[in-house]
Amino acid sequence: MSSKPVVLIAEELSPATVDALGPDFEIRHCNGADRAELLPAIADVDAILVRSATKVDAEAIAAAGKLRVVARAGVGLDNVDVSAATKAGVMVVNAPTSNIVTAAELACGLLVATARNIPQANTALKNGEWQRSRYTGVELSEKTLGVVGLGRIGVLVAQRMSAFGMKIVAYDPYVQPARAAQMGVKLLALDELLEVADFITVHLPKTPETLGLIGDEALHKVKPSVRIVNAARGGIVDEAALFTALKEGRVAGAGLDVYAKEPCTDSPLFELDQVVCTPHLGASTDEAQEKAGIAVARSVRLALAGELVPDAVNVQGGVIAEDVKPGLPLAEKLGRIFTALAGEVAARLDVEVYGEITQHDVKVLELSALKGVFEDVVDETVSYVNAPLFAQERGVEVRLTTSSESPDHRNVVTVRGTLSSGEEVAVSGTLAGPKHLQKIVAVGDYDVDLALADHMVVLRYEDRPGVVGTVGRILGEAGLNIAGMQVSRAEEGGEALVVLTVDDTLPAPVLAEIAAEIGATSARSVNLI
């Protein structure tokens, strides 16, 4: 019997992956897509390396008695049950930066292809048709490129396309204008970008807020000469609305690499000559695959050696005090709530930890809060290590404040941020009872006491009778059940705040109706799933 840790490679990976693992492991191989082969093969291994075909779900994790690490050689984690792995104490790692250059280059390729009709002309010529006039295109030089989402990939696309002589504008509420200006990019509201852009390229994460963002309403605001590229996530551009806009001549062309449902081999969009389509090739280069394999191999080495793992997505990888561990998911959720309430990334962010817990090292709570702040902001997997990098890239000053004194709660965590306008947004939470119930205890200066839930709504309005009834009526008419509610106010007749927990995601039109009916000064929906 080998005394070396066992690493199972369940899909074809670059030879450089095995080289990066080195001689300290017993390497095994199997066809991870074949469940009958995978489940017995995973039973006694210490780590498994996969790409996208192998489903490492709860069943597979339960069958793996010795498993310590699941490594996905790529960016996404759709085929890995991170929750089940976390419950089983299994670290999950991926390669979050392995394909950013590759993805950016594909988006640039689609922009050029849509401008010059390259695939269509290629197909026609190979079919014996010489049709120069039919495939007359447009120049990129001196045109305006609208980048929707100025994360790492969006920035790379902006840099590359500016070399074509394009003017770059961008929409990203989570980037400071000064940071964008340093890159030579002008930030605009989404509606402004839609109106002025000659080309639009999408680089956003897929969230309930971004799903269908470029839909029918947006596509009625664009120039009829606009060409739209989506190489980010399927569903951000509404495919049915895009098809209609193309047919009606309100959009001149499109380049698509991603689709709402994949694999996608049958779409009305494929019938249109002005649409360039690729089958989700964003990460499909030899270099990206090699980078991904090497990155996760290094992470496996670190994890099995008990060292800090930079690309771990569910644990920090270092030693964390047992009393601190229950606070990690709370701090992360508070970070996500903060982002939802702020609607932008703060210029300065303070993570405040008060109470008995501060006798331990609580730096990890700052990292967890940062992880939550950027979870719904960037189109990449956020980890404890790369979260500070995202803050640095966006010019966010981050501070950790601790004190053993906590007058109202045994321990409390606050995420407080100062926005570019000078406005301050803060949210506080605590853990209650032996089961560590996660509760929100303050929003800004308003005290509340409500268990956290997957779907929450926060409203500010002028205190007056009938508001709660109006909110309940609108939600009832929409078929949405209220699970919990807390109303807080500083004084009678002044501003009031209500926090609701509901059973399902609140559709944007319903939230808008509530805000209009009650005259809300602020209305925010928070989704923590």
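Just so we're clear, the structure is a prediction, and the values are computed from it rather than from any experiment.

(A) Quick peek at the overall build of the protein chain. Of the regular secondary structure elements, the protein chain holds 17 helices and 22 strands. Counting the 529 residues in the protein chain, one finds 51% classified as buried. Taking the intrachain contacts of the protein chain between residues at least 6 apart in sequence as the baseline, contacts between residues at least 24 apart amount to 64%. Here the protein chain has roughly 23,700 Å² of accessible surface; of this, 50% comes from carbon and sulfur atoms. With 47 positive and 71 negative side-chain charges, the protein chain shows a separation of 4 Å between the mean positions of the two kinds.

(B) Quick look at the state of the cysteines. In total, this model carries 0 disulfides according to the counting rule given. Free of any disulfide, Cys 277 has its nearest neighbouring cysteine sulfur in Cys 264, separated by 8.1 Å.

(C) Fine view of the sheet that holds strand β3 (residues 47–50). Strand order in this open sheet of 5 strands is β2-β1-β3-β4-β5, and the pairing throughout is parallel. The open sheet is flanked by β2 (26–29) and β5 (91–93), the only strands paired with a single partner. Shown here is a sheet whose adjacent strand axes are inclined to one another by a mean of 20°, direction ignored. By the bridge criterion, 4 bridges tie β3 to strand β4 (residues 69–72) in an arrangement that is parallel.

(D) Highlighting the nonpolar core. Core analysis: the biggest nonpolar cluster contains 49 residues, and Phe 338, Leu 365 and Phe 374 have the highest contact counts within it. A total of 8 residues in this core trace back to one element, the largest contributor, which is helix α13 (residues 327–342).

(E) Local environment of the sheet that holds strand β14 (residues 397–403). Strands sit in the order β14-β13-β15-β16-β17-β18 across an open sheet of 6 strands; the sheet is mixed. With partners counted over all chains shown, the strands left at the sheet margins are β14 and β18 (446–451), one partner each. Taking each pair of neighbouring strands and ignoring which way they run, the sheet shows an average axis angle of 20°. With 4 bridges joining them, strand β17 (residues 437–443) and β18 adopt antiparallel strand pairing. Its bridge partner lying in β18, Ala 442 is registered against Asp 447. The strands touched by helix α14 (residues 363–375) are β13 (348–355), β14 and β15 (411–418); relative to β13, the strand with the most contacts, the crossing angle is about 135°.

(F) Focus on α14. Its 13 residues give α14 an end-to-end C-alpha distance of 19 Å, which sits within 8% of 18 Å, the value for a rise of 1.5 Å per residue. The buried count for α14 comes to 11 of 13 residues, which makes it a mostly enclosed element. Elements that come into contact with the buried residues of α14 comprise α13, β13, α15 (387–393), β14 and β15.

(G) Inspection of the pairing of β15 at higher detail. Of all 8 residues that make up β15, 6 are buried, and the element is covered over most of its length. Pairing analysis gives 8 bridges linking β13 to β15, with the strands arranged antiparallel. Across the sheet, the residue bridging to Val 351 is Val 415, located in β15. Judged from the 6 bridges that link them, β15 and strand β16 (residues 424–432) form a sheet pairing that is antiparallel. Bridge pairing in β16 places Thr 418 opposite Glu 424. In textbook terms, the turn of a hairpin is the stretch between consecutive antiparallel strands, and for β15 and β16 this stretch comprises 5 residues, one of which, Gly 422, has a positive phi near 95°.

(H) View of the environment of Tyr 446. For Tyr 446, the position within the fold is in strand β18. A residue is classified by how much of its surface remains accessible, and Tyr 446, at 9% relative accessible area, is buried. For the pair formed by Tyr 446 and Ser 488, sequence separation is 42 residues and the distance between their alpha carbons is 6.0 Å. Residues contacting Tyr 446, with those up to four places away along its chain left out, are Val 441, Arg 460, Ser 488, Arg 489, Ala 490, Glu 495, Ala 496 and Leu 497. Here Glu 495 takes part through its side chain, which lies 2.8 Å from a polar atom of the side chain of Tyr 446.

(I) A look at the side chain of Asn 99. Tracing the sequence through the fold places Asn 99 in the loop between β5 and α5 (100–116). Under the relative-accessibility criterion, Asn 99 is labelled buried at 13%. Setting aside chain neighbours within four positions, we find Asn 99 in contact with Val 75, Gly 282, Ala 283 and Ala 288.

(J) Focus on α13. The end-to-end C-alpha distance of α13 is 22 Å, a good match for the 22 Å that 16 residues give at a rise of 1.5 Å each. The element α13 is largely enclosed, with a buried count of 13 among its 16 residues. Directly after α13, the chain includes Gly 343, whose backbone phi takes a positive value near 75°.

(K) Quick look at unusual backbone geometry. The linkage connecting Glu 262 with the following residue, Pro 263, adopts the cis geometry, with an omega of -5°. In the Ramachandran plot, Glu 142 falls in the positive-phi region, its phi being about 70° despite a non-glycine side chain. The backbone phi angle of His 436 is positive, close to 55°, even though this residue is not glycine. Checked against the element boundaries, His 436 lands in the loop between β16 and β17.

About the thresholds
Each residue is numbered by its place in its chain's sequence as written, counting from 1. Selection of residues for local features in this predicted model requires a pLDDT of at least 70, selection of side-chain atom pairs for listing and counting requires 80 or more, and totals for whole chains, interfaces and linings are taken over all residues. Side-chain descriptors were evaluated using all non-hydrogen atoms of the structure, hydrogens and water having been removed beforehand. Helix numbers and strand numbers start at the N terminus; a helix is a DSSP run of H or I with at least 4 residues, a strand a run of E with at least 2. Any residue under 20% of the maximum accessible area for its type is buried, any over 50% is exposed, and the rest in between are partly exposed; the area is computed with a 1.4 Å probe on protein chains only. Contact between two residues is taken to exist if any of their heavy atoms lie within 4.5 Å; hydrogens are not considered. Here the open area of atoms and residues is found with the Shrake-Rupley method and a 1.4 Å probe, where only the protein chains shown may cover a residue. A residue counts as positive if it is Lys or Arg and as negative if it is Asp or Glu; His and the chain ends are not included. Lys charges are placed at NZ, Arg charges at CZ, Asp charges at CG and Glu charges at CD. Two cysteine sulfurs form what is called a disulfide whenever their separation falls within 2.5 Å. Note: two strands are recorded as paired if DSSP finds a minimum of 2 bridges between them. To obtain an axis, a line is fitted to C-alpha atoms, over the contacting stretch when the element is a helix, and the angle between two such axes runs from 0 to 180 degrees between their N-to-C directions. To qualify as a nonpolar core, a set must consist of buried Ala, Val, Leu, Ile, Met, Phe, Trp, Tyr and Cys residues joined through side-chain atoms within 4.5 Å. Expected helix span is taken as 1.5 Å per residue step, with the number of steps being one fewer than the number of residues. Counted as a polar contact is a pair of N or O atoms within 3.5 Å, where, for protein atoms, one must be capable of donating a hydrogen and the other of accepting one, and residues adjacent in sequence contribute only when both atoms are in side chains.

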